[in-house]
Amino acid sequence: MRVPKPDVAEAWRESPREPHDDPSVEVSISPARSAIARPRWTPLLRYVVAVVATVGAFLARMWLSRYLGPPYILFYPTVMVIAVLAGFGPGLVATGLSALFSALVVLPADRQASAITTRDVVGLVLFTSAGLFMSVVARLYRQARQRLVEYERARVLKASDERVRASEQRLR
C-alpha cells in the first residue's frame, strides 16, 4: 500500500518546531544556506520608524543646509532604506513626508524671498516618482526574498523527509 506524498509546505507547517524556535524571530535563509535571525517588525513599528527616520533626515538637512546643495540629498537614502527594511507602505510614507517637508520648508528656505519655481515643482514631482519607484523595487525584492526563504524551507524539509524514508527502508 502506497501512502500519498504530503504537500511539502503543508507538512512543514504541521511539523513540530525546534525548541529554540521563537515566533517573534524570522529566519531567512540566503542562497549560501546560512540562517540569519532578523526580528519581525509590527506594522505600527514599521510606520513609526519611517516617520522618525524621515524627520531625522529633515532635521539633518536643515542643520546642514548651508553645506548641502540638492534639496533632496538626504531624503533619497532615507526612502530607500525604509522601503527595503520596513516595506512598501512605510516607503510611501517616507516619500510623502519627505516631499511635504521639502515643499513646505526646504524649498522655500532655499529660495528665501522668491516663490517656488517651475523647476522646484518638477524636481519635487521627480523626487516623488523616484520614491515611489524605490518603494516598488524594494517590495519586489522583499517578495523575491520571501519566496526564496519558503523554497529553501520546503527543500530542506523534502531532503529531511527523503532521509527519513531511506532510513525506514533500511530498517525494514
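Calculation notes
- Residues numbered from 1 in each chain as written.
- Predicted model: local features only at pLDDT ≥ 70, side-chain atom pairs only at ≥ 80, totals over all residues.
- Heavy atoms only, no water.
- Helix = DSSP H or I, 4+ residues; strand = E, 2+ residues; numbered from the N terminus.
- Buried < 20%, exposed > 50% of the residue type's maximum accessible area, 1.4 Å probe, protein only.
- Contact = heavy atoms within 4.5 Å.
- Areas by Shrake-Rupley, 256 points an atom, 1.4 Å probe, with all protein chains shown as cover.
- Salt bridge = Lys/Arg side-chain N within 4 Å of Asp/Glu carboxyl O.
- Core = buried A, V, L, I, M, F, W, Y, C linked by side-chain atoms within 4.5 Å.
- Phe/Tyr/Trp six-rings, centres within 6.5 Å; stacked < 30°, edge-to-face > 60°.
- Lys NZ or Arg CZ within 6 Å of the ring centre and 35° of its normal.
- Patch = residues over 30% accessible without salt bridge, like charges linked within 9 Å, V, L, I, M, F, W, Y side chains within 5 Å.
- Expected span 1.5 Å × (residues − 1).
- Arc of directions from axis to C-beta.

Remarks on the overall build of the protein
For step 1, the next point in the chain: Across its full length, the protein carries 5 helices and 2 strands.
For step 2, the next point in the chain: Secondary structure elements of the protein, listed N to C terminal, follow the sequence α-β-β-α-α-α-α.
For step 3, the next point in the chain: For the protein, buried positions account for 22% of its 172 residues.
For step 4, the next point in the chain: In the protein, 68% of the contacts between residues at least 6 apart in sequence involve partners at least 24 apart.
For step 5, the next point in the chain: Accessible surface computed for the protein: about 12,000 Å², of which carbon and sulfur atoms make up 65%.

Re the pattern of salt bridges
A side chain with one charge can pair with a side chain of the opposite charge if their charged atoms come near.
For step 1, the next point in the chain: Inspection of every chain in the model, using the stated rule, returns 2 salt bridges.
For step 2, the next point in the chain: Taking the shortest distance from any N to any O, the salt bridge between Glu-152 and Arg-155 comes out at 2.8 Å. With Glu-152 and Arg-155 both in helix 5 (residues 118–171), this residue pair falls 3 residues apart, about one helical turn.
For step 3, the next point in the chain: Of the residues examined, Glu-152 reaches a relative accessible area of 8% and is grouped as buried.
For step 4, the next point in the chain: For Arg-155, a relative accessible area of 28% translates into the label partly exposed.
For step 5, the next point in the chain: Its salt-bridge partner being Asp-161, residue Arg-165 comes within 3.4 Å of it at the nearest N-O pair. With Arg-165 and Asp-161 both in helix 5 and 4 residues apart, this pair spans about one turn of that helix.
For step 6, the next point in the chain: Among the residues examined, Asp-161 registers a relative accessible area of 27% and is labelled partly exposed.

Description of the nonpolar core
For step 1, the next point in the chain: Core analysis: the biggest nonpolar cluster contains 16 residues, and Phe-58, Tyr-72, Phe-75, Val-79, Ile-82 and Phe-127 have the highest contact counts within it.
For step 2, the next point in the chain: Looking at this core, the elements that each hand over two or more residues are helix 2 (43–63), helix 3 (75–86), helix 4 (88–111) and helix 5.
For step 3, the next point in the chain: Sorting elements by how many residues they give to this core places helix 4 first, with 5 residues.
For step 4, the next point in the chain: Those residues in contact with Val-79, other than ones at most four positions away along the chain, are Gly-91, Ala-94, Thr-95, Ser-98, Phe-127, Gly-131 and Met-134.

Thoughts on the packing of aromatic side chains
Here the distance between the centres and the angle between the planes together describe a pair of aromatic rings.
For step 1, the next point in the chain: Evaluated as defined, the whole model comprises 4 aromatic pairs.
For step 2, the next point in the chain: Consider the rings of Phe-58 and Phe-101, whose centres lie 4.4 Å apart with planes at 25°: the pair is stacked. Of the two residues, Phe-58 is situated in helix 2 and Phe-101 in helix 4; the sequence distance between them amounts to 43 residues. Residue Phe-58 shares its accessibility class with Phe-101, and that shared class is buried.
For step 3, the next point in the chain: Lying over the aromatic face of Phe-88, Arg-139 brings its terminal NZ or CZ to 5.1 Å of the ring centre.

Details of the environment of Ser-98
For step 1, the next point in the chain: Following the sequence through the fold, Ser-98 ends up in helix 4.
For step 2, the next point in the chain: Put simply, Ser-98 and Phe-127 are 29 residues apart on the chain and 9.1 Å apart in space, counted from C-alpha to C-alpha.
For step 3, the next point in the chain: When neighbours within four sequence positions are excluded, Ser-98 is seen to be in contact with Thr-54, Phe-75, Val-79 and Phe-127.

Details of a nonpolar patch on the surface
For step 1, the next point in the chain: Among the surface-exposed residues, Trp-41, Leu-44, Leu-45, Val-48, Val-52, Val-81 and Leu-85 lie close enough to one another that they form a single nonpolar patch of about 630 Å² accessible area.
For step 2, the next point in the chain: Counting residues per element, the nonpolar patch draws most heavily on helix 2, which supplies 4 residues.
For step 3, the next point in the chain: Residue classification places Leu-44 among the exposed positions, given a relative accessible area of 64%.

Comments concerning helix 3
For step 1, the next point in the chain: With 12 residues, helix 3 extends 16 Å from end C-alpha to end C-alpha; this agrees with the ideal 16 Å at 1.5 Å per step.
For step 2, the next point in the chain: For helix 3, the full list of buried residues reads Phe-75, Thr-78, Val-79, Ile-82, Ala-83 and Ala-86. Along the axis of helix 3, the buried positions cluster into a sector of 125°, meaning they face one direction only.
For step 3, the next point in the chain: Remark: Gly-87 follows helix 3 within two positions and exhibits a positive phi of approximately 120°.

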